[in-house]
Every structure is written in structure tokens, then in C-alpha cells.
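Here is what each chain is made of, one letter per residue.
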Amino acid sequence: MKKFDIFNQFRDAVIIINSKYEVVYQNYTFKRWFAGFSDLKKFSHKLNFDICPLNSENLENYSPIYHALNCKENFFACVSYQHSRDKILYYDLTVIKKGKYSIFFFSDVSAKTELTKEEKKNEKLLAEYKKLAAENEDLQNIKQKAQSQAIRIALINKVTNTIRESMDISKILQSALSELSIMFGAYKAYFAKFENKSFKILEIYGAKKAVPATPISFDSETFSTIQSNKISIVHCLKEYLDAPPVKQPVMRVVVPVYHLQKLLGVIVLLSRQKRELSEEVEILEAISFQLGSAIIRAELYQKNIQTVKELKNALKELKETQLQLINSEKMASLGQLVAGVAHEINTPVASIKSNNGLFAKLIPQIKEAEIADIMQEINGIDSEAIQRISNIVTSLKKFVRLDEAELQEADINKELDLTLDLIRHETKNRIEIIKNYGELPLIKCYPNMLNQVFTNILVNACQAIDGKGIIIITTSYQGETLTVSVKDTGKGISQDEINKIFTAGYTTKGVGVGTGLGLAISAKIIEKHNGKIIVNSEVGRGSEFIITICSK
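For the structure given in this document, a descriptive report is provided here.

How each quantity is defined
Residues numbered from 1 in each chain as written. Predicted model: local features only at pLDDT ≥ 70, side-chain atom pairs only at ≥ 80, totals over all residues. Heavy atoms only, no water. Helix = DSSP H or I, 4+ residues; strand = E, 2+ residues; numbered from the N terminus. Buried < 20%, exposed > 50% of the residue type's maximum accessible area, 1.4 Å probe, protein only. Contact = heavy atoms within 4.5 Å. Pairing = 2+ DSSP bridges. Patch = residues over 30% accessible without salt bridge, like charges linked within 9 Å, V, L, I, M, F, W, Y side chains within 5 Å. Areas by Shrake-Rupley, 256 points an atom, 1.4 Å probe, with all protein chains shown as cover. Salt bridge = Lys/Arg side-chain N within 4 Å of Asp/Glu carboxyl O. Lys, Arg positive; Asp, Glu negative; His and termini not counted. Charge placed at Lys NZ, Arg CZ, Asp CG, Glu CD. Polar contact = N/O pair within 3.5 Å; in protein donor to acceptor, adjacent residues only side chain to side chain. Core = buried A, V, L, I, M, F, W, Y, C linked by side-chain atoms within 4.5 Å. Phe/Tyr/Trp six-rings, centres within 6.5 Å; stacked < 30°, edge-to-face > 60°. Axes fitted to C-alpha atoms, helices over the stretch in contact; angles between N-to-C directions. Parallel < 35°, antiparallel > 145°, perpendicular 65-115°, else oblique. Left-handed = near helix turned anticlockwise from the far one by under 90°. Nonpolar A, V, L, I, M, F, W, Y, C, P; charged D, E, K, R; others polar.

**Side note on the overall build of the chain**
In terms of helices and strands, the chain carries 13 helices and 19 strands. Across the 552 residues in the chain, those meeting the buried criterion constitute 36%. Taking contacts inside the chain between residues at least 6 apart in sequence as the whole, the part at least 24 apart equals 58%.

This is how it looks when you write it as C-alpha cells:
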């Protein structure tokens, strides 16, 4: 119908339907867009919109075409058209009623619809992105907090392990100050002990030498915070009262260290960093708690060590006193015994000596020469025996020397000979004595005590030799040091026993044979002379006792 050709100038697709549902006109655009159009029924089946009539069995009611035709007023709807299986386009459908005609205008809004869909999709994706970003930020925050917590726990564990492994207060404090300095970027860190209502710096991190106990004090506000067992964090120009001011403000952290309700001291950290401390405070509190317990434990440990040391010294002194008392009692008893024996021997010896002298005067009066010679020989033997007895008595008196309690000069070689004379009954016809005496100066000593040492060592050497053997005595003097060596060919001493032979009460001899006091007393006597005894021994080959005494 030519009267509708004006619609060919429209950009929209136009189709005109009369009241009998007959298509009376299609403009060019409609023909181009819907080239497959054949009849209205098929066309309407490919159109769709979102209006869904309820309880209707007429499929045509679902088509926007029939809705528009049945509508008595102008009609508008957003519709979709199924061009092919994979292609759906979207249109704004406007229907204008003109008499018996319904004029359908199809405006292509596919691009707009797709754009709207994409925008909605993008909005949805953006919302999801924002949600994921927020979740990621939360995760990052959780991760950062977890890492921070892990670092804090690792730091606390590191300091705690060091604290637990050591009982040295200085080492404990240096470890804690070191870790805290690294964490807070402190250029100075120290621990000040609290005593007598004041603080004294005991440990400074990085100080190579011992730190003198420098007294310090804080302002009333800081001290009040410390007394409240709270951490003081301020920016100041002075680290404590009476301290020289710094050029620019520094962050000062004062951490009180308590054990129960007792203030032990404070940790002071000085840093040039300007930042707020929040999570780090937990670390400071945890380390402060651990440090308080560690300091008390270390102090108790040191006190225990000191107590044990004092008890050991007291026990050592008691044993030394006991040995001295035993030795003094022994020497006093020996002195009294020797004095009595000497007196008892001297009386008959004097009588025998007198008779021997008288007999010597009578021998020349004997007329028979043979008898006179025999009597002269007997008289000579008796004279030697009397002299021998006198020498033994004299040696006994010299050995005891009860009146020689002061240091005096003595010839050690002669003292050894004197000792050998007294123990001749142990060596006679059994042990060969080899003397390698060096040239010795007179040595300041207690001769009676050294004789006792020589006697103990020589008698032990004799008793260690089964049957016949050799004892070699060597003396020398070099560099103001006297050395006396007594070496035997006895049965020797095992390595396990060498470390015990100078212990009071320990003996390698059988029960009832040795008291275990001889070498213990000897060791104390040599210590009194500022000397020492060294033992070298090999089982089956013999032993060597080496005595060294400095004569300065």
C-alpha cells in the first residue's frame, strides 16, 4: 500500500497489521532485518518477551505480537527474536493503534542490550573483584599478622632458650639486650638493677669490658609507670636524669623487670626511629617476664654454687686440720717415744762405753799375746757397736726435732742420708740404694717435716719391691727450684689409683697394713713448702715420685 511508503524512510523496521491479523505492509528495514519472514504466526513464534500470563493454555498469549494486537491501546515491550539457533537479537517494540491498523516499530537494541548485560556482568565481576580484593586484603593482613606473630614467637623462643640454657646472668642479659636492640633498631641498650631505691647500670649491650655500676634515676612520671609494672615509651632529649642531653629527640623504652611483686630492674632501649609501638609491647612484656624468672634462677644458682664452694673449702680445711692434728699428735707421740727410748738406751750404753774404755786399758796387761789380740779385736767391735748405737740415737733426735718449728736452712742431701739410716732395716741385704746427689745450696725449710715426707716415700718404695730391687734417689737445683726424685723398681701403681693416693684414708696396701695418711700428710707438707709432688708409674715396672720446691 503506497500510502504507507513513508515508513521506508524510517531506520526502524516497520510492519503494519490490520484487524484481521493480516500483514498489509513491510518497510525496507523490516524486510532486511527479518528476511526470513513468511507469515505472522511463524514470526510471532520467534518473538519472545518476559510477560508470562498465568493459567493460560493459549500459546499465542505468550507472543508479544498477539498481545499488541489484542491490546486496545498503544503497546510497548522489550522483545527478543530468535534469528537462528545461536543468534538472538533484541528490539524495543512499539505498537501504535491507528483505526483498524496496528503499526509495529522494531528498534534494534541488541548492542545496547548486550552492553547492558556486559555492564551488569562487569558490575557483578567488579563486585566480585572488590569482594575478592577485600578478602585478599584480609588474608594479607592475617598473613602479615601471622608472620609478625611468628617473628614475635621466634624471638621470644630464642631469648627464652638462651635464658633457659644459661645460668650466667651476664650472658642472659647480653642475649636479651642483643635481640631487643636488633628488633627495635636501638643504638643503645642496657639493664639497670634496682636496689636501695635506686638503679645501677650493670650490663650494656656491645660493651667489651665490664661495666661499672653506674647509678641512674628517672623522672617521677617514668618511675611511677615502672612501679605500676608498665612499659614507659616516650620521646625525650635525656635518657635519664643528670644524663647529658642528645642533639635530637630519641625514643626511649623503659621495660620494668619484675619477679612476682619484686622490682629487679629495668631494660632501657634508645632508638632514633620515630614510630608507634603496638604489637612489640607484647614481646617486651613476654621477655620481661622470662627475664625476671631467669635472673632469680641464676642468682639462686650462683648462691648455691657459692654455698657449695664454701662447704667444699670448709671440708677441705677440716680435712687439712684433721691431718695436721693427726700429724702433730703422731710427731708429738713419736717425739716423746724417741726421747724416752733415747734416755733408756743412753743409760746402759754409757755403762757399756765406760766398761769398754776400762777394758781397753786392761788389755795391754794381758801377757799372752794371742789372747790380747783377740780381746783387742772384740774391744774394737764393741766400740764400733757402741758408736753405732749412739749415732742411731742422735739420728732419732735429729729426725724428730720437736724444737724446730721455724724455717731454717738445711742440707737436703744430708737429710736424705739421715732418713736412709733410719730405714736401713727395710733396705739391708735386699734393696740397692743408688744416690745421684747434685750440688745443692742450703734450703730454707722445715727439716723435720721434709724428713717425714722422705720417710713415707722411701718406706712405700721399699714395701712396693717384692724381694730384691733398686731405689734411685736423684737431687738437683736449677732456677731456684729444688728437685728430689725417688724411683723404684717395685710393682707400680695403676692409673686409676694414681689420682687417689694423696687422698686421706686411701691406701693400696692391705687391711691393717696402711692407714692411708702417709702420702696425704706428705702432700700437705709439700704444699706448705710451696711445692708439689708428681707421680709417674707403670704397673710391673715401678714408680717415680718427683718433689719440686721453690726456694725463693
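Text resumes after the structure shown.
**So, the sheet that holds strand 2 (residues 23-26)**
Across the sheet, six strands lie side by side as 2-1-6-5-4-3; this open sheet has antiparallel pairing. Among the strands making up the open sheet, the edge pair consists of strand 2 and strand 3 (47-48). As judged from the three bridges shared by strand 1 (residues 13-18) and strand 2, these two strands associate in the antiparallel manner. Pairing of Ile16 across the sheet is with Tyr25, part of strand 2.

**Some points on a negative patch on the surface**
A grouping of Glu368, Glu370, Asp373 and Glu377 is seen on the molecular surface, where their side chains present a negatively charged patch. Mapped onto the fold, Glu370 is located in helix 8 (residues 369-400). The exposed category is assigned to Glu370, whose relative accessible area is 62%.

**Concerning helix 6 (residues 220-227)**
Each full turn of the α-helix corresponds to 3.6 residues, which orients residues three or four apart in the same direction. With a side-chain oxygen positioned 3.2 Å from the backbone nitrogen of Glu221, the residue opening helix 6 is Asp219. At the C-terminal side of helix 6, Asn229 shows a positive phi close to 60°.

**Re the nonpolar core**
With 35 residues, the main nonpolar core has Ile412, Ile471, Phe545 and Ile547 as its most contacted residues. Within the residue set of this core, elements represented by two or more residues are helix 9 (412-422), strand 15 (443-445), helix 11 (447-464), strand 16 (469-478), strand 17 (481-488), helix 13 (518-528), strand 18 (531-538) and strand 19 (542-550). In terms of residue count, helix 11 provides more of this core than any other element does, eight residues in total. Excluding residues that lie within four positions of it along the chain, Phe545 makes contacts with Ile457, Val484, Ser485, Val486, Ile493, Ile501, Phe502, Leu519, Ile533, Ile534 and Val535. One finds Ala176, Phe191, Met251 and Leu277 within the second-largest nonpolar core, a separate group that totals 26 residues.

**What about the packing of aromatic side chains?**
According to the stated counting rule, one finds 25 aromatic pairs in the structure shown. Geometrically, the ring pair formed by Phe34 and Tyr91 is tilted, given 5.4 Å between the ring centres and 50° between the ring planes. Here Phe34 is found in the loop between helix 1 (28-33) and helix 2 (40-46), whereas its partner Tyr91 is found in strand 5 (residues 87-98), with 57 residues between them in sequence. Exposure class is identical for Phe34 and Tyr91. Each is buried. Measuring from ring centre to ring centre gives 5.4 Å for Phe34 and Phe106, while their planes differ by 65°; the resulting arrangement is edge-to-face. Here Phe106 lies in strand 6 (residues 101-108) and Phe34 lies in the loop between helix 1 and helix 2, a separation of 72 residues in the sequence.

**Here's the deal with the packing of helix 11 against helix 13**
Relative to each other, helix 11 and helix 13 sit at 140°, their axes nearing to 9 Å. Classified by the angle their axes make, helix 11 and helix 13 are oblique. Seen along the crossing, helix 11 lies across helix 13 with a hand that is left-handed. In this structure, helix 11 uses Met449, Leu450, Gln452, Val453, Asn456, Ile457 and Asn460 to contact helix 13, whose residues at the interface are Gly518, Leu519, Ile521, Ser522, Ile525, Ile526 and Lys528. Taken together, the residues of the contact of helix 11 with helix 13 sort by class into eight nonpolar, five polar and one charged.

**Regarding a nonpolar patch on the surface**
A contiguous nonpolar patch, built from Tyr187, Leu237 and Val246 and spanning about 230 Å² of accessible area, is present on the exposed surface. Judged by its relative accessible area of 41%, Leu237 falls in the partly exposed class.

**Here we look at the sheet that holds strand 9 (residues 214-216)**
Strand order in the open sheet formed by six strands is 9-8-7-12-11-10, and the pairing between neighbours is antiparallel. Looking at strand neighbours, the two that pair on one side only are strand 9 and strand 10 (232-236), the edges of this open sheet. Taking the axes of each pair of neighbouring strands and ignoring which way they run, one obtains an average angle of 30° across the sheet. As judged from the nine bridges shared by strand 11 (residues 250-259) and strand 12 (residues 262-271), these two strands associate in the antiparallel manner. Residue pairing for strand 12: Val253 is matched across the bridge by Leu269. Against the sheet, helix 6 touches strand 7 (186-195), strand 8 (198-204), strand 10, strand 11 and strand 12, its axis set at about 35° to strand 11.

**Considerations on the packing of helix 9 against helix 11**
Contact geometry of helix 9 with helix 11 gives a least axis separation of 9 Å together with a crossing angle of 50°. Between helix 9 and helix 11, the angle falls in the class oblique. Helix 11 is crossed by helix 9, and the crossing has right-handed handedness. Contact residues: Ile412, Glu415, Leu416, Leu418, Thr419 and Leu420 in helix 9; Pro447, Leu450, Asn451, Phe454, Thr455 and Leu458 in helix 11.

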